[in-house]
Amino acid sequence: MSYQILNERTVSDYLESKPDLLRASGIDPTHLTVTEVSDGNLNQVFICRDDAGQSLCIKQALPYLRVAGESWPLKPERAAAEARSFAVGAELSPDSTPGYLGFDAENFVLAMQDLSDWTVWRTALMHGEIHQGAEADCGRHAARMAVGTSLFGIDPEVLKNQHAASMNGELCRITEDLVFTEPFMVHERNSFHDGVADAVAALRHNEALLAQVSMLKLDFMTRAEALIHGDLHTGSVMVRHDTGSTDKGHAKVFDGEFCFYGPIGFDLGALFGNYLAAAERAAVLDRPTEFRAWVRSLPAATWEAFESEVRLLWPTRVDDSFGDDFLDLWLDRIKADAIGYGGCKAIRRIVGFAKVADIEELPEPQHVTAANQVLTTATEWILDRENRTPAELLG
Ligand code: SR1
Ligand code: MG
């Protein structure tokens, strides 16, 4: 399919031709300053600001993976999944969702609130910044999305139609390959430092681990519990300090193009796995005690906010044949899933395609120490996930 691929010079004219997007943003397209700020792996992103200081963010899906180029084609229709994620987030969790201004399905363009005065959480963590409260926002957001898009928030027939309309097979396959398959075998897309080669070989020969990873993969591919984000790492979260504070903050979740009906624990696990990378970075860089303690507390704080919010919403469930004892069992399963998926997500960032800067940008000796520690801890999480609590995960 051919469509207009935007660049910094063409965004103004494009916006002038899209009165719906303009109306929602209140921006004047005639004197726009447009800056490309593309940062993620898949898409291009522009910040547009008018002379009066009004701004908006434009995100366009390319027909290929941005970081790989045309050698890795990708259907731009994935932008429709992100539009779905935005619309549902705006309804169920508005405080933790960036303002959603509209979607142009012909050109695969999303318009959203400009969050230039927010910081990507991964970047803030790498710099040793504390945003106490962001972790709970993420847990609450995951809970609201989980309950609101599941059997507990929607009539079962309506739910089945929503599930069918939310298929996102191409992006799910990326996760299936990059998270659950390739890191555990020899594959051309993998890469890792020689200093972790022994640990990588060990996990590939660990039959118990491989079986558990396959079990988690099967659940990822078949257990359609709720509309999950699908890629909720710390690069999919923006944070900002509360006014006047240097350590209290809030979070907004964005970048929902991987969303699909999947296991609820997967999103929490993505956060846990990235908290692990942040914690190991903080350890090898000998960050201040207060920061390291806060990072170690993140899995428990996210989990506690998730569980509290689910319990708060539980009396509103649309099918009360699911009772309170079931809720305890269900939460236990989500918790174990989250820990297992956290392990898988951490391992893929050390071994597979698409690394994380927390570990990649460490100087060599620290990189090897942190990467080995991530692999050891992640393996334990997967194998022992039924017996672990989020409070114990980071020691
Ligand atoms: C092929 S895309 C690589 C990764 O970028 C996204 O953020 C997802 O994590 C995906 O696995
Ligand atoms: Mg992303």
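Preceding this section is the structure that the text describes.
Treat the numbers as computed from the prediction; the structure is a model and nothing was measured.

> Explanation requested: the overall build of the protein in the structure shown.
Per the secondary structure count, the protein includes 14 helices and twelve strands. Here the C-alpha radius of gyration of the protein, 21 Å, is about what a compact globule of 395 residues would show, namely 21 Å. Principal axes of the C-alpha set define a box for the protein whose edges measure 60 × 55 × 50 Å. The burial tally for the protein puts 53% of its 395 residues in the buried class. A fraction of 72% describes how many contacts in the protein between residues 6 or more apart in sequence connect residues 24 or more apart. Surface accessibility of the protein: about 16600 Å² in total, with carbon and sulfur atoms responsible for 50%.

> Honestly, the site of ligand 1 in this entry has me stumped. Any pointers?
Neighbouring residues of ligand 1: 13 residues in total, closest Asn41, Leu65, Asp231, Arg348 and Arg349. Here an oxygen atom of ligand 1 and a side-chain polar atom of Asp231 are 2.7 Å apart. With respect to ligand 1, the side chain of Arg349 contributes an N or O atom lying 3.2 Å from an oxygen atom. Its free accessible area being 320 Å², ligand 1 has 95% of it covered by the protein chains. According to the grid-proximity analysis, the pocket containing ligand 1 is the largest pocket. Looking at the shell around ligand 1, the elements with two or more residues in it are helix 7 (169–181) and helix 12 (324–351). Grouping the constituent residues of the shell around ligand 1 by class yields eight nonpolar, two polar and three charged.

> Just to check I follow, could you spell out unusual backbone geometry for this structure?
Comment: phi is negative for the bulk of residues other than glycine, and the bulk of peptide bonds are trans. Phi at Phe108 is positive, roughly 55°, even though this residue is not glycine. Topologically, Phe108 is positioned in the loop between strand 6 (100–104) and strand 7 (109–112). Overall, the relative accessible area of 4% leaves Phe108 in the buried class. In the Ramachandran plot, Asp286 falls in the positive-phi region, its phi being about 50° despite a non-glycine side chain.

> Help me understand empty space enclosed by the protein in this model?
Evaluation of the coordinates by the stated rule reveals one cavity of 30 Å³ or more. Counted as a void, the largest cavity has a volume near 210 Å³. Residue lining of the largest cavity: 21 residues in total, with Ser85, His141, Met145, His229 and Val253 positioned closest to the centre. Residue assignment for the lining of the largest cavity shows that the elements contributing at least two residues are helix 3 (78–92), helix 5 (134–148) and strand 9 (226–228). Grouping the constituent residues of the lining of the largest cavity by class yields twelve nonpolar, six polar and three charged.

> I keep staring at the pairing of strand 10 (residues 237–241) and nothing clicks. Help me out?
Regular strands show a simple pattern: their side chains alternate between the two faces of the sheet. In this sheet, strand 10 lies alongside strand 8 (residues 119–120) in antiparallel orientation, the contact comprising two bridges. By the bridge assignment for strand 10, Thr119 is matched with Val239. Here strand 10 pairs with strand 11 (residues 249–253) via five bridges, running antiparallel. Paired with Val237 across the two strands is Val253, which belongs to strand 11.

> Sorry if this is basic, but what is going on with the sheet that holds strand 10 here?
Paired through their backbone hydrogen bonds, the strands of a sheet run either parallel or antiparallel. Within the open sheet, the three strands sit side by side as 8-10-11. Their pairing is antiparallel. Lying at the two open borders of the sheet, with one neighbouring strand each, are strand 8 and strand 11. Each of strand 10 and strand 11 touches helix 5; the most contacted strand, strand 11, lies at about 35° to it.

> In this structure, what is going on with the packing of aromatic side chains? I would like to understand it.
In this description, an aromatic ring pair is defined by two values, namely the gap between the centres and the angle between the planes. Under the counting rule described, the total for this entry stands at 22 aromatic pairs. Between Trp121 and Tyr275, the ring centres sit 5.6 Å apart and the planes meet at 75°, which makes this aromatic pair edge-to-face. Linking Trp121 in helix 4 (residues 121–126) with Tyr275 in helix 10 (residues 265–284), this pair joins segments that are 154 residues apart in sequence. Summarising the aromatic geometry, the rings of Phe220 and Phe266 are spaced 4.7 Å apart at their centres and angled 55° between planes, so their arrangement reads as tilted. Of this pair, Phe220 sits in helix 9 (residues 207–222) while Phe266 is found in helix 10, placing the two residues 46 residues apart along the sequence. For the residue pair Phe220 and Phe266, the accessibility class agrees, reading buried in each case. Through pairs of rings, three or more aromatic residues link up here, namely Trp121, Phe272, Tyr275, Phe291 and Trp294.

> Sorry, what's going on with the sheet that holds strand 3 (residues 55–61) here?
Reading across from one edge, 1-2-3-7-6 is the order of the five strands in this open sheet, with antiparallel pairing throughout. Whereas interior strands pair on both sides, the edge strands pair on one side only; in this sheet they are strand 1 (33–36) and strand 6. Taking the axes of each pair of neighbouring strands and ignoring which way they run, one obtains an average angle of 20° across the sheet.

> I'm lost on the packing of helix 3 against helix 5 in this one. Help?
Any two packed helices are characterised by how steeply their axes cross, that is the angle between the axes, and by the distance between the axes. At a minimum axis separation of 10 Å, helix 3 and helix 5 run at an interaxial angle of 100°. With respect to helix 5, the axis of helix 3 lies roughly perpendicular. Across from Ser85, Val88, Gly89 and Leu92 in helix 3, the residues of helix 5 making contact are Arg144, Met145 and Gly148. A per-class count over the contact of helix 3 with helix 5 returns three nonpolar, three polar and one charged.

> Explanation requested: the side chain of Ser245 in the structure shown.
If you trace the backbone, Ser245 turns up in the loop between strand 10 and strand 11. For Ser245, a relative accessible area of 18% gives the class buried. A polar side-chain atom of Ser245 sits 2.8 Å from the main-chain amide nitrogen of Lys248.

Conventions used here
Residues numbered from 1 in each chain as written. Chains lettered and ligands numbered in written order. Predicted model: local features only at pLDDT ≥ 70, side-chain atom pairs only at ≥ 80, totals over all residues. Heavy atoms only, no water. Helix = DSSP H or I, 4+ residues; strand = E, 2+ residues; numbered from the N terminus. Rg over C-alpha atoms; globule rule 2.2 N^0.38 Å. Buried < 20%, exposed > 50% of the residue type's maximum accessible area, 1.4 Å probe, protein only. Contact = heavy atoms within 4.5 Å. Areas by Shrake-Rupley, 256 points an atom, 1.4 Å probe, with all protein chains shown as cover. Near = heavy atom within 4 Å. Polar contact = N/O pair within 3.5 Å; in protein donor to acceptor, adjacent residues only side chain to side chain. 1 Å grid on protein atoms, 1.4 Å probe; cavity = no way out; pocket = protein on both sides within 12 Å on 5 of 7 lines; lining within 4 Å. Sits in = over half its atoms within 2 Å of the grid points. Nonpolar A, V, L, I, M, F, W, Y, C, P; charged D, E, K, R; others polar. Points joined across faces, edges and corners; volume = space filled by probe spheres on them. Pairing = 2+ DSSP bridges. Axes fitted to C-alpha atoms, helices over the stretch in contact; angles between N-to-C directions. Phe/Tyr/Trp six-rings, centres within 6.5 Å; stacked < 30°, edge-to-face > 60°. Parallel < 35°, antiparallel > 145°, perpendicular 65-115°, else oblique.

Everything listed here is a matter of geometry and, on its own, says nothing about what the molecule does.
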